[in-house]
Amino acid sequence: MSIKLTIMDQMRQIAREHGKTLAPLRDDLVLLDSGLDSLGFAVLVARLEDTLGIDPFTAAEDAMFPLTLGDFVKVYENGAQQRAVA
Amino acid sequence: MKMVRSNAPSLKGRIADAAPERFFWDRAARLCVNHLARGTSLGGRLAELAGRSVVVATASQLTTALALIELDGVARRLTILPPDTAADHLAALTACAEADAVVIDEGTPSHEALELPVRVVCAPAIVPAEQLSLPQAQTEWVLLTSGTSGVPKMAAHSLASLIAPIGAGQRLDGAVVWGTFYDIRRYGGLQIFLRAIIGGASLVLSCAGEPIADHLARLGRCGVTHLSGTPSHWRRALMSSEIGKISPRYVRLSGEIADQAILDSLRATFPEAGVSHAYASTEAGVAFEVSDGLAGFPASFLDHDRDSVELRLVDGALHIRSPRMAERYLGAQQAPLRDHDGFVDTGDMVERHDDRYVFAGRRGGIINVGGLKIHPEEIEAVINRHPQVRMSLVRPKQNPVTGSIVIADVVLKADCAHSGGELQIKNDILELCRDALPRHKVPATISIVPALDVAATGKLARRYG
């Protein structure tokens, strides 16, 4: 599964678990409007580290938390690429 | 508070040379301790230790036991070193104890800090010796607390405070053989050592590094009837195929929160046994024992003093005042052990559920998830309710959104460890947590692990602040 699909899959799973309704998952979706709250994103980052093996935010100290879903996916794609190079 | 100190007989005075004989076992030896009434393990050098501040630095628990029996009522102070005392701390500890003598055995590692004016070797054997008439001392017993870092604190007890929890009811019918998963050089284990002596019972000592299966088999061979340990000790024992080798009449838990799952497991494994969980700490002593098979303790314990033990809650933390607690910490720099009312702050947080208080966790162990405070023990108790879970550890994980988040490591029961379906079990556990806990307490992830570390204290190792 691609990183993007993994992320979207996990978001749907967490929304189900937390009883939240998810907005349609498009690249320009602002994360604050996605339906997940901060605890939901905290769980998402932890789960993604389990499935993808990276936490790009904790690894890089200056990493800003992205605003949109597209940017969020990019952070993980870049993280995976950096790990592949290293 | 003014403490009433009885002039109780010394330990040696309680070792009658009459029948019934009682034995202390370790892995290598079995000794009839009655012989101490007319013998010695200290090479006949007891008189040299009279009135001194003695550090007991023996490597084996058997020699520790023998030395303690001989020295109580003779030495001015007994400082008992647990086996894992860091060598770096020895100098500070012996200085603080104003030690001028040390008891060692052949396994004691040599260390400069133990080069004290009098060095006596304790042998794992008792040889006949003439009994000297030595001046009676009110021996101060110093126990080290199990702090996570820095030099351990030194809590000063008397024999009277140590044996105060051992009521008349401890003189039990029939031959009693005590066993403990603890080391007797810690409060929990020392209580069992003293119970064996006061109750005229035998005692099976634990041995560091002995596999749990061997220990259980040895307990079985010695016919253990009364067995004590932490919930973590018991969870490990229940994972062993050798658990069937023992059939204790009395099962005791202390030192950690006894959740309903471990109490139920023990009752199912030993249907004939009484199962009790005790609340105790090195500083506060044994505060109470609960024998109704339920986790926590009746709320009425807070309303009525029981056996001169007073409990009160301060900001959710349990405070205790009783004749069983330590007198003070040794060392001028230490904060007082008791508050101005004479209560000890245990740092253990309790919550009321109907007519019962349950332990929530340690005040210092709180995990902060986005500003919400979590006791990991509360989540572990829920996870442990899953029928396939043997034990669990909930710990914080750094998180860019909420600062921390909780995750769980889970050990499955032996018979399901290889049955596959781990994903299903993880999902079941998460569902259990979602049903029982608010969202922020549900672990973000669950890992199935083969084992969890148990520290030398018998408690689950929690490697975070």
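Residues numbered from 1 in each chain as written. Chains lettered and ligands numbered in written order. Predicted model: local features only at pLDDT ≥ 70, side-chain atom pairs only at ≥ 80, totals over all residues.

Colleague: Sorry if this is basic, but what is going on with the overall build of chain A here?
Modeller: Secondary structure assignment for chain A yields four helices and zero strands. Starting at the N terminus, the α and β elements of chain A follow one another as α-α-α-α. For 86 residues, the compact-globule estimate of 2.2 N^0.38 gives 12 Å, and chain A sits close to it at 12 Å. If one aligns the C-alpha atoms of chain A with their principal axes, the spans along those axes are about 40 × 20 × 20 Å. Looking at chain A as a whole, 28% of its 86 residues are labelled buried. Across chain A, every contact between residues at least 6 apart in sequence was considered, and the portion connecting residues at least 24 apart equals 54%. (Helix = DSSP H or I, 4+ residues; strand = E, 2+ residues; numbered from the N terminus. Rg over C-alpha atoms; globule rule 2.2 N^0.38 Å. Buried ≥ 20, exposed ≤ 12 C-beta atoms within 10 Å, placed from the backbone. Contact = placed C-beta atoms within 7 Å.)

Colleague: I tried to follow the overall build of chain B on my own but got confused; where do I start?
Modeller: In terms of helices and strands, chain B carries 12 helices and 27 strands. Against the globule reference of 23 Å for 465 residues, chain B gives a C-alpha radius of gyration of 23 Å, in line with a compact fold. Counting only C-alpha atoms and orienting by the principal axes, one finds that chain B spans roughly 70 × 50 × 45 Å. A separation of at least 24 residues holds for 66% of the contacts in chain B among residues at least 6 apart in sequence.

Colleague: Is there a simple way to think about the interface of chain B and chain A in this case?
Modeller: When the parts of a complex come together, some accessible area is lost, and that lost area is often taken as the interface size. Facing the 14 residues of chain B at the interface are 14 residues of chain A. With three residues, strand β25 (residues 389-399) of chain B is the single largest residue contributor to the side of chain B that touches chain A.

Colleague: Teacher, can you tell me more about the pairing of strand β21 (residues 344-353) of chain B here?
Modeller: Residues and elements named next belong to chain B. As paired strands, strand β19 (residues 317-321) and β21 are joined by three bridges and run antiparallel to one another. By the bridge assignment, His319 is partnered in β21 with Asp345. Where β21 lies against strand β22 (residues 356-362), six bridges are found, and the strand directions are antiparallel. Counted as the bridge partner of Asp348 is Arg362 from β22. (Pairing = 2+ DSSP bridges.)

Colleague: Quick question: what am I supposed to make of the sheet that holds strand β17 (residues 297-298) of chain B here?
Modeller: Pairing between the strands of a sheet comes from backbone hydrogen bonds, and it takes one of two forms, parallel or antiparallel. All names here are of chain B. If you trace the five strands from one edge of the open sheet to the other, you get β17-β22-β21-β19-β18, paired in antiparallel fashion. The sheet terminates laterally at β17 and β18 (310-314), the two strands that pair on one side only. Across five bridges, β18 lies against β19 in antiparallel orientation. Bridging from a neighbouring strand, Val314 pairs with Ala317 of β19.

Colleague: Just checking my understanding: could you explain the domain arrangement of chain B for this structure?
Modeller: Residue and element names in this part refer to chain B. Entries for chain B in the domain assignment read domain 1 (16-353) and domain 2 (366-448). Placing the centre of domain 1 and that of domain 2 at their C-alpha centroids yields a distance of 33 Å. The partner domain 2 presents eight residues to the nine residues of domain 1 that form the contact. Breaking the side of domain 1 that touches domain 2 down by element, the ones donating at least two residues are α8 (231-238) and α9 (260-269). The greatest single-element share of the side of domain 1 that touches domain 2, amounting to three residues, is contributed by α8. (Domains from an automatic or database assignment.)

Colleague: What exactly am I supposed to notice about the sheet that holds strand β26 (residues 403-412) of chain B here?
Modeller: Residues and elements named next belong to chain B. One open sheet accounts for three strands, arranged β25-β26-β27; its pairing is mixed. Two strands close off the open sheet at either side, each with one partner strand: β25 and β27 (446-448). With direction set aside, neighbouring strand axes in the sheet form an average angle of 25°. The pairing of β25 with β26 spans 10 bridges and is classified as antiparallel. Paired with Lys397 across the strands is Ile405, a residue of β26. The sheet strands contacting helix α11 (residues 376-383) are β25 and β26, and the helix crosses β25 at an angle near 140°. (Axes fitted to C-alpha atoms, helices over the stretch in contact; angles between N-to-C directions.)

Colleague: Any chance you could explain the nonpolar core here in plain terms?
Modeller: As a rule of thumb, nonpolar side chains are buried together in soluble globular proteins. In this structure, Val54, Val56, Leu78, Val102, Val103, Phe193 and Ile320 of chain B are the most contacted members of the largest nonpolar core, which totals 103 residues. If sequence neighbours within four positions are ignored, Val102 of chain B has contacts with Val54, Val55, Ala57, Leu114, Leu116 and Arg119 of chain B. Listed in part, the 41 residues of the second largest apolar core include Met11 and Phe72 of chain A together with Val382 and Ile425 of chain B. (Core = buried A, V, L, I, M, F, W, Y, C linked by C-beta atoms within 7 Å.)

Colleague: Quick question: what am I supposed to make of the packing of helix α1 (residues 3-18) of chain A against helix α2 (residues 38-52) of chain A here?
Modeller: Between two packed helices, the angle of one axis relative to the other and the distance separating the axes together describe the packing. Residue and element names in this part refer to chain A. Contact geometry of α1 with α2 gives a least axis separation of 10 Å together with a crossing angle of 135°. It follows from the interaxial angle that α1 and α2 lie oblique. The hand of the α1/α2 crossing is right-handed. Two secondary-structure elements touch here, α1 through Ile3, Thr6, Ile7, Gln10, Met11, Ile14 and His18 and α2 through Gly40, Val43, Leu44, Arg47, Leu48, Thr51 and Leu52. Looking at the contact of α1 with α2, its residues break down into eight nonpolar, five polar and one charged. (Parallel < 35°, antiparallel > 145°, perpendicular 65-115°, else oblique. Left-handed = near helix turned anticlockwise from the far one by under 90°. Nonpolar A, V, L, I, M, F, W, Y, C, P; charged D, E, K, R; others polar.)

Colleague: Sorry, what's going on with the environment of Gln334 of chain B here?
Modeller: Residue and element names in this part refer to chain B. If you trace the backbone, Gln334 turns up in the loop between β20 (328-329) and β21. Gln334 sits 181 residues away from Lys153 along the chain, and the two C-alpha atoms are 8.0 Å apart. Filtering out sequence-adjacent residues up to four positions away, Gln334 remains in contact with Lys153 and Tyr329.

Colleague: Would you mind going over the confidence of the model for chain B with me for this structure?
Modeller: All names here are of chain B. Looking at chain B as a whole, its pLDDT mean stands at 91, while 94% of the residues score no less than 70. The model gives residues 1-6 a pLDDT under 50, and that stretch makes seven contacts with residues more than four places away or in other chains. Overall fold confidence (pTM) sits at 0.87, and the ipTM for the predicted complex is 0.90. (pLDDT = per-residue confidence, 0-100.)

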